[in-house]
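# Observations on chain architecture
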Amino acid sequence: MDSLKKKKINPFTTSTTQTTIANMCKEEQTCTNPSCFFCTMKEPEPSLRRVAIAKFFKEMPFTDHQDQVLVLSGLWHVAMTHPDDPEFPSLGIFKCMANLIYKGISDRNWLLKDQNIYIPYYAAHVIGSYTMNKVEFAEIAVQQGVIPPLMELLRGKISWVEQRVAVRALGHLASYEKTFEAVAKYEEEVIKLAMKLACTCLEVVYVNFVGVKNINKRVKYHCDLLTRGIGDSEMEDRKGEEWASQLQCWCLYLLNCFACKERSLSLICKQDFLGKLCGMWGGLVNHSSPAWVGLVRILCYSKEGRKYIAESKEIIENICNLSRSSDDWQYMGIDCLLLLLNDQNTRYKVFEIIALFVIDLVELGSLGDRPNLGETITKAFLLDYKQSKVKFRNQKVQKALQDVWNLKVEKRKKEKLMSQEKLEEKRVLVCLIKQEANHIFWLGEIEEALAKYTEALDLCPLKSRKERMVLYSNRAQCHLLLRDPDCAISDSTRALCLATPANSHSKSLWRRSQAYDMKGLAKESLMDCIMFINCCIKSGVTKRVKIPYYAARMISKQMDATWLFAAARSKTTSSQARKVKESDGDYECNNDEQQRGEMMRVMIENKDFLSGLSTIIEEPLLVKEVNRRKVERARRRSKKAVIARSM
């Protein structure tokens, strides 16, 4: 075994449990350890091997060999590659892992000896991997007492790295009917810990790992676990971001397990937590997890959950923004809106906010495996139409109701009675008005062009979806140039709903991305910009596709704004700035120039503040007026170039 310790062979190329472990020492000629696990795995007689493995699992937590880390690493790899293999779960691996976790928590001297610091992580990971797919393995794990030590790790007894694998394992155990109650014995504590961890884990990982720029000051075993000992600091940062996102999403998954059963909803739905929940976006780092909206949709399935969600204006606005985006989870946002609209107890609480968003989705076709989604939205929106018109005095809401009624009911009835000749005449007239609008637009008369596009839309038949898509998209560009992002988002969303498939009209995606950027909605702007670039690539006639520079610049800007640790970085930077001010004391108060310089340095380091610099730096009125005139002249000179690119 001595040469094994030096060689550190990794078992990454085998196909079965036995050969995976046995191959780790296939080159070893002699072994002086009578209870060597690797030698046990080479035993050709199955019954003898099983007896020896069971004995090893029973004795391992009470022995102290330097090769335990290597054994745990091998078991971790087997659990990852063969999670459905029943051999180890049937021989006592769960009890062994539970005892090893307890040993790491209770015996600090042992934990810090040799490489034992890795063992609790590997042990919890093995439990989570084996309970991932098989309920029978989960039952064995619970019987062998894995939940109490996992709870200790979840409480933060070691570090965030162990919390990550503990919450993953507890989530798997809570997802099965037969093992849920075993986790629910700790229900209140589990929920509170998961909520707290979901809210704080990004800051914890940033402060303790990603934000530590001196790599020599990072916890070494964290670095080794993240990169398997073969990565540089850049890879550590990337994996740190990935693991932090997983930790947050697995916390939300654990909460999902309780929300599905309508357990402790009053705890989960505290308004303070719901407000923070909106910022928990899986995003591009963890695109396989619906993150916050997954939990919100689960809550919306229950009457009590809908009541709590309806009381959170922030949640409702975020659901609405998601439903008008090109995010993969758009359909979940729409599902939440439909559930809230179809419940009479929540419909009128959220209607005034939802109405101004839903109106843009009523012509949505199919979205994934959901056909005619626009019709479903229309029925929910116009439910109790007359009562809704009387109940809401808000003119915008009344107009939205009337517009949807006119579009989906009145106009449809009228066109059904029209002859084909009449419809064709309308199409021709619409084409002429559109050409006139385009001409006016080219002349720089944006408001007049907008009015013409509106006139064309009013006349355009409902069946002319492609023509109406272009008209909406062009009108969105007018709104953009008039600095009206809300109307630009509305029109570009309608255009994207008319596209086939949905969200595939490149110009509308780019226009909406710009509009979202104007409103400071970085996530929505980023997703639209990515979809726009994707459309550019798909439409390329040659192998070499050039990404527009302005799209690349937008991607860079929004990637920085939506970075997983953006909030943690901002908080840390602000804290550092306060410390600088406090340490300087009276001297800084007397030195205005130094104070302003320090503020500027902090804000420049924190790029989230860059967009606000123009409002922070005051200029003399004369300079402002000169600059305003320069901008106006430049805008007039570049208008034709902008229009040419837009149309």
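Residues numbered from 1 in each chain as written. Predicted model: local features only at pLDDT ≥ 70, side-chain atom pairs only at ≥ 80, totals over all residues. Heavy atoms only, no water.

## Digging into unusual backbone geometry
Most peptide bonds are trans, and most residues other than glycine sit at a negative phi. This is how it is decided: By the criteria applied, helices consist of DSSP H or I runs no shorter than four residues and strands consist of E runs no shorter than two, each listed in order from the N terminus. The classification of residues rests on relative accessible area computed with a 1.4 Å probe and restricted to protein chains. Under 20% of the type maximum is buried, over 50% is exposed, and intermediate values are partly exposed.
Here Thr 500 and Pro 501 are connected by a cis peptide whose omega angle stands at -10 degrees. With respect to the helices and strands, the residue Pro 501 is situated in the loop between helix 30 (485-498) and helix 31 (506-519). For Ala 291, which is not glycine, the phi torsion reads 50 degrees and is therefore positive. With respect to the helices and strands, Ala 291 occurs in helix 19 (residues 291-300). Using a relative accessible area of 4% as the deciding quantity, one classes Ala 291 as buried. The phi dihedral of Asn 372 falls on the positive side, at around 50 degrees, and the residue is not glycine. Along the chain, Asn 372 turns up in the loop between helix 23 (344-358) and helix 24 (373-381).

## Thoughts on the pattern of salt bridges
Keep this limit in mind: Salt bridge, as used here, is a side-chain nitrogen of Lys or Arg placed within 4 Å of a carboxyl oxygen of Asp or Glu.
Enumeration according to the criterion identifies 34 salt bridges in this entry. Linking Glu 363 and Arg 468 is a salt bridge whose minimum nitrogen-to-oxygen distance equals 2.6 Å. With Glu 363 in the loop between helix 23 and helix 24 and Arg 468 in helix 29 (residues 465-481), this residue pair connects regions lying 105 residues apart in the sequence. Arg 468 matches Glu 363 in its accessibility class, with the two residues each being buried. Put simply, Lys 452 and Glu 455 hold a salt bridge, and the shortest N to O gap is 3.5 Å.

## Describing a nonpolar patch on the surface
Stated precisely, the cut-off is as follows: Grouping into patches uses exposed residues only, defined as over 30% relative accessible area, and leaves out salt-bridged ones; the cut-off is 9 Å for like charges and 5 Å for nonpolar side chains (Val, Leu, Ile, Met, Phe, Trp, Tyr). Note on areas: Shrake-Rupley with a 1.4 Å probe; residue coverage comes only from the protein chains shown.
The grouping of Val 428, Leu 429 and Leu 432 at the surface amounts to a nonpolar patch, some 260 Å² of accessible area in total. Looking at the secondary structure, you find Val 428 in helix 27 (residues 420-442). For Val 428, a relative accessible area of 44% translates into the label partly exposed.

## Re the packing of aromatic side chains
Selection criterion: Here is the rule: rings of Phe, Tyr and Trp (six-membered ring for Trp) pair when centre to centre is within 6.5 Å. Planes less than 30 degrees apart are stacked, more than 60 are edge-to-face, and the remainder are tilted. As a reminder, the over-ring test applies to NZ of lysine and CZ of arginine, requiring each to be within 6 Å of the ring centre and within 35 degrees of the ring normal.
For the structure shown, the criterion picks out 26 aromatic pairs. On the numbers, 4.3 Å between centres and 5 degrees between planes, the contact of Tyr 385 with Trp 405 is stacked. One end of the pair, Tyr 385, is in helix 25 (residues 385-391); the other, Trp 405, is in helix 26 (residues 395-417), with 20 residues separating them in the sequence. Note on Trp 405: relative accessible area 24%, which makes it partly exposed. Above the ring of Trp 243, the side-chain terminus of Arg 164 is found at 3.8 Å from the ring centroid. Over the face of the ring belonging to Phe 180 we find Lys 261, whose NZ or CZ atom lies 4.6 Å from the ring centre.

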